[in-house]
Structure formats: structure tokens, C-alpha cells
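Coordinates in review
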Amino acid sequence: MKLFSTELNSMNDLLVVQLEDLYDAEQRLVKALPKMAEASNTAQLRQAFEQHLTETEGHVSRLERIFGQLGVEPKRETCQAMKGLIAEGEEMIGAKGSPDVKDAALIAAAQRVEHYEMSGYGSARTFAQRLGHTDIANTLQQTLREEAAADEKLTQIAESSVNIQATARTASASQSR
Ligand SMILES: [Fe+2]
Ligand SMILES: [Fe+2]
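A brief structural summary. Note that the structure is a prediction, hence the values are computed from the model and not measured.

This brings us to the coordination of the iron ion (ligand 2). Coordination sphere of the iron ion (ligand 2), protein contribution only: H52 (NE2), E114 (OE), E114 (OE), E117 (OE) and E147 (OE), at 2.0 to 2.7 Å. In primary-sequence terms, the residues that donate to the iron ion (ligand 2) follow H-x61-E-x2-E-x29-E. Separation of the iron ion (ligand 2) from the iron ion (ligand 1) amounts to 3.5 Å, with E117 serving as a shared donor to the pair. One end of the pair, H52, is in helix α2 (residues 43–70); the other, E117, is in helix α4 (residues 99–130), with 65 residues separating them in the sequence.

Tetrahedral metal sites with four donors have an ideal angle of 109.5 degrees; octahedral sites with six donors have ideal angles of 90 or 180 degrees. Bound to the iron ion (ligand 1) on the protein side are E26 (OE), E26 (OE), H59 (ND1), E117 (OE) and E147 (OE), at distances that span 2.1 to 2.4 Å. Each donor residue of the iron ion (ligand 1) belongs to the same chain, with the gaps between them written as E-x32-H-x57-E-x29-E.

This next bit is on the pattern of salt bridges. For the structure shown, the criterion picks out six salt bridges. With a shortest N-O distance of 2.7 Å, D24 and R28 are connected by a salt bridge. Of the two residues, D24 and R28 both sit in helix α1 (residues 11–39), four residues apart, roughly one turn of that helix. Where D100 meets R169, a salt bridge forms, and the shortest distance between an N and an O atom there is 3.0 Å.

Okay, α1 next. Helix length check: α1 (29 residues) gives 41 Å between terminal C-alpha atoms against 42 Å at 1.5 Å per residue, within 8%. A maximum bend of about 35° is found in α1 at K31, where proline P34 lies one to four positions downstream.

Here we take up the side chain of T143. In this fold, T143 is placed in helix α5 (residues 134–175). When neighbours within four sequence positions are excluded, T143 is seen to be in contact with E26, H59, R62 and Y121.

In this section: the side chain of E26. By secondary structure assignment, the location of E26 is in helix α1. Despite being buried, E26 has no salt bridge partner; R62 is the closest side chain of opposite charge, sitting 7.7 Å away. Once residues lying within four places of it in the same chain are set aside, the contact partners of E26 are T56, H59, V60, L63, E117, Y121, T143 and E147.

Our next topic: α4. Taking 1.5 Å as the rise per residue, α4 with 32 residues should run 46 Å; its terminal C-alpha atoms sit 47 Å apart, in good agreement. With a side-chain oxygen lying 3.2 Å from the backbone nitrogen of D100, the N-terminal cap of α4 falls on S98. Just beyond α4, the residue with positive phi is G132, at close to 85°.

The interhelical angle for the contact between α2 and α4, taken along N-to-C directions, is 20°, at an axis separation of 13 Å. One finds that α2 runs roughly parallel with respect to α4. Judged by the sense of rotation from one axis to the other, the crossing of α2 with α4 is left-handed. Residues L45, F49, H52, H59 and L63 of α2 pack against D103, L106, I107, A110, E114, E117 and Y121 of α4.

The contact between α1 and α4 brings their axes to 10 Å, and the two run at 160°. Viewed along their axes, α1 and α4 adopt a mutual orientation that is roughly antiparallel. Considering how the two elements wind past one another, α1 and α4 form a crossing that is left-handed. Of the residues in the contact of α1 with α4, the class split is 17 nonpolar, three polar and four charged.

A few words on the nonpolar core. Counting residues in hydrophobic clusters, the biggest one holds 24 residues, and the most contacted among them are F49, M82 and I107. Only α1, α2, α3 (80–93), α4 and α5 provide two or more residues apiece to this core. Examining the composition of this core, we find that seven residues originate from one element, α1, more than from any other. Discounting residues that sit within four places of it in the chain, I107 has contacts with L45, L154, I157, A158 and V162.

What counts and how
- Residues numbered from 1 in each chain as written.
- Chains lettered and ligands numbered in written order.
- Predicted model: local features only at pLDDT ≥ 70, side-chain atom pairs only at ≥ 80, totals over all residues.
- Heavy atoms only, no water.
- Donors = N, O, S within 2.8 Å, 3.2 Å for Na, K, Ca; no water.
- Helix = DSSP H or I, 4+ residues; strand = E, 2+ residues; numbered from the N terminus.
- Salt bridge = Lys/Arg side-chain N within 4 Å of Asp/Glu carboxyl O.
- Expected span 1.5 Å × (residues − 1).
- Bend = angle between axes of the 7 residues up to and from the residue.
- Contact = heavy atoms within 4.5 Å.
- Buried < 20%, exposed > 50% of the residue type's maximum accessible area, 1.4 Å probe, protein only.
- Lys, Arg positive; Asp, Glu negative; His and termini not counted.
- Polar contact = N/O pair within 3.5 Å; in protein donor to acceptor, adjacent residues only side chain to side chain.
- Axes fitted to C-alpha atoms, helices over the stretch in contact; angles between N-to-C directions.
- Parallel < 35°, antiparallel > 145°, perpendicular 65-115°, else oblique.
- Left-handed = near helix turned anticlockwise from the far one by under 90°.
- Nonpolar A, V, L, I, M, F, W, Y, C, P; charged D, E, K, R; others polar.
- Core = buried A, V, L, I, M, F, W, Y, C linked by side-chain atoms within 4.5 Å.

This is the structure in C-alpha cells:
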């Protein structure tokens, strides 16, 4: 989110700024998610990232539709927070060491992203609702649900397999030293 020199004279201005921020964030994710998928050690995690990539492409299209409904041109406002979160994800992608622990690290990085998106969509949805844009609010809520589902899926993968394997294998690695 840009912190300075944004003109906010109405809640409508604020809604548009929020959408521009999300539009930038989502497009960054379309580029980042294939790298997360490729870096995954397990098929289950790779598939989760690939599935969310498809959803994320849908999020971009939904935002474009919303801009159209509001009668404004789709514009990207550099999302500094998402840039930072993706940079942290890339740090995990480039990390050396146990592939299982790396999967756990990829999940942790991805969940930060999902939570950030959820908070952005939650605000935008509430502003749209307040402005009487019921259709737009519903579309934003639909995306929010998909972000929450992606987050839950990552929790499930972490708790049911990745974290267990990462703990078991690294425990035996440190014992054999
Ligand atoms: Fe998204
Ligand atoms: Fe997402």
C-alpha cells in the first residue's frame, strides 16, 4: 500500500486505492506461485500452489471486472508489502538444507501472503458493502473465501505431513551426527 500522496476524498477513492493495491499484489503472485510450486519437495504441496495459481489468475480477472463496474481503468498501485512477502518467499526458495524443512518454510511464507490478501479483501469488501455496491462486495467475498480456503489447505498439508516429516527426518539427522 502506498503511504504518501494518495488523494482520498471519499470512501469510493479509498475503495479504488485498495483495489489497485490488490490488483498489483495479485499480479505479483501470478509470477511468484509457479516458483513456489517448482521449489516444493512434495507433490501435494506443489499441487496446492498450482491450484492456487489458477485461482489467483481468476482473482486478477475479477478485479478487472470490478474496475469495469466502477467505471475506472484497471491500475496497479505498487504493493510494497506483497513485494516484501514475495522476497521472503524467494529467500526460502533459495535456501539450502533439508527439503522437508524447506517445504515447511514455503508454507509459512505462503500463509503470510494469504493472510495479507484476506485482510485486504476484507477491507475492500466492507467498503464496497458500505457504498451499496452489493455485487462488487459479493465478488470480493468470493475471492476472500478462496484465500481462506488456500490458507486452510496449507495448514492441513503442514500439520498432516510436511511438519511431521521435517521434524522426524531432521531429528534423525541430528541424532546421527
Ligand atoms: Fe488472491
Ligand atoms: Fe492467495
